[in-house]
Amino acid sequence: MRRWFLPENPDVLALLNEQVKVTLCGLDAFVEWSAGEAVAEQAVRDAEHEADRARRELMTEVLAAFSPPLEPEDIYELSERLDAVLNGAKNTVREAELMNMSPDAPCAEMAVFIRDGVGHIGAAFDALVSDGALATTEADAAIKCVRSVEHSYRIAMSMLLAVEDMREVTGRREMYRRYARLGEAAESIAERVWYSVVKKR
């Protein structure tokens, strides 16, 4: 008797969602660190390493998948852009340590917007296959959150005009720019969600 077997088809969306969960844990720690909880620094670093592991597992399974629910290119791009956000948070913590600069109130505000934006991105990922309209609605909510980062960034930068200590100005400007780049990185994920949904039509 001849027996037929279908190729293995791992649940790559579950693995992508696992990467989201780890990223959100890291960003929760980043919010705490940005609010002055220095002990949260290690949690940010640990989450970044765990997210790298989750991404490697995802990429391995994408290669093995017979018929993934999204095109492999889309899964790769969404995962890579998500990884860039947590990497950026870890690098911000590291840079602050090197500059001997603690986060301030504008940093704390921007961190919350970034974390909330990625929360909406996670909800968009959940709906990518089953409900494209919901996925794009969540992507738009993410974009709205992270664009608030830019608003906070402009206000924070303008406040530096009143600071006379050039070391403080230089350090703060670099930190604010890093937070702004994190917002841009999160926005790029939301834009890719839109692209993934449009491609399926």
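Every value quoted in this text rests on a predicted model; they were computed, and no experiment measured them.

### What about unusual backbone geometry?
Point 1. At N100, a residue that is not glycine, the phi angle is positive and equals roughly 55°.
Point 2. Here N100 shows up in the loop between helix 3 (72-99) and helix 4 (105-127).

### Looking at helix 1 (residues 12-34)
Point 1. For helix 1, with 23 residues, the first-to-last C-alpha span of 32 Å sits near the 33 Å given by 1.5 Å per residue.
Point 2. Most of helix 1 sits out of view: 17 of its 23 residues are buried.
Point 3. Looking at the residues trailing helix 1, positive phi occurs at G36, about 110°.

### A word on the side chain of E48
Point 1. One can find E48 in helix 2 (residues 41-64).
Point 2. When residues no more than four places from it in sequence are discounted, the contact partners of E48 are L86, N87 and K90.

### Focus on the confidence of the model for the protein
Point 1. On average, residues of the protein score 91 in pLDDT, and 93% of them are at 70 or above.
Point 2. Per-residue pLDDT, averaged within each element of the protein, yields its smallest value for helix 2 (92) and its largest for helix 4 (97).
Point 3. Segment residues 1-7: pLDDT under 50, and one contact once partners within four positions in sequence are set aside and those in other chains are kept.

### A short note on the environment of A186
Point 1. Note on placement: A186 falls in helix 6 (residues 166-200).
Point 2. Residues A186 and V149, 37 residues apart in the sequence, show an inter-C-alpha distance of 11 Å.
Point 3. For A186, the contacting residues outside a window of four places in its chain are V85, V118, I121 and V146.

### Some points on the environment of L15
Point 1. In this fold, L15 is placed in helix 1.
Point 2. On the accessibility criterion, L15 (15% relative accessible area) is buried.

### Brief notes about the pattern of salt bridges
Point 1. Per the stated rule, a full pass over the model turns up 19 salt bridges.
Point 2. Here E41 makes a salt bridge to R45, at a shortest N to O gap of 3.0 Å. A residue pair is termed a helical-turn pair when its members lie 3 or 4 positions apart in one helix, as E41 and R45 do in helix 2 at four residues.
Point 3. Residue classification places E41 among the partly exposed residues on the basis of a relative accessible area of 21%.
Point 4. R45 sits in the buried class, given a relative accessible area of 17%.
Point 5. Notably, a salt bridge pairs R53 with E50, separated by 2.7 Å at the nearest N-O pair. Of this pair, R53 and E50 both sit in helix 2, three residues apart, which is roughly one turn of that helix.
Point 6. Taking relative accessible area as the criterion, E50 reaches 34% and is therefore assigned partly exposed.
Point 7. Several salt bridges converge on common partners, so that one network encompasses E71, E73, D74, R192 and K199.

### Let's talk about the packing of aromatic side chains
Point 1. Enumeration according to the criterion identifies two aromatic pairs in this entry.
Point 2. With centroids separated by 5.8 Å and ring planes inclined at 20°, the aromatic side chains of F30 and W33 adopt a geometry described as stacked. With F30 and W33 both in helix 1 and three residues apart, this pair spans about one turn of that helix. Accessibility assignment for this pair places F30 and W33 in one class, buried.
Point 3. Among the aromatic side chains, those forming a connected cluster through ring pairs are F30, W33 and Y179.
Point 4. Here the basic side chain of R55 rests over the ring of Y76, its NZ or CZ set 5.0 Å away from the ring centre.

Rules and cut-offs
- Per chain, the residues get numbers from 1 upward, laid out in the order the sequence is written.
- In view of the model being predicted, local features appear only for residues whose pLDDT reaches at least 70, and side-chain atom pairs are presented and counted only at 80 or more, with totals across whole chains, interfaces and linings using the full set of residues.
- Water and hydrogen atoms play no part in the side-chain values, which are based on all heavy atoms of the structure.
- Comment: elements are numbered from the N terminus, with helices defined as DSSP H or I runs of at least four residues and strands as E runs of at least two.
- The span expected for a helix works out to 1.5 Å for each residue beyond the first.
- Remark: exposure states derive from per-residue accessible area (1.4 Å probe, protein chains only) relative to the maximum for the residue type, with buried under 20%, exposed over 50%, and partly exposed in between.
- In this analysis, two residues are considered to be in contact whenever any of their non-hydrogen atoms come within 4.5 Å of each other.
- Summary of the metric used: pLDDT quantifies the predictor's per-residue confidence within the range 0 to 100.
- Salt bridges are identified by distance alone: a Lys or Arg side-chain nitrogen within 4 Å of an Asp or Glu carboxyl oxygen.
- Here a Phe, Tyr or Trp ring, Trp counted by its six-membered ring, pairs with any other such ring whose centre lies within 6.5 Å, and the pair is stacked when the planes are under 30 degrees apart, edge-to-face when over 60, and tilted otherwise.
- Here, a charge over a ring means that NZ of Lys or CZ of Arg falls within 6 Å of the ring centre while also lying within 35 degrees of the ring normal.

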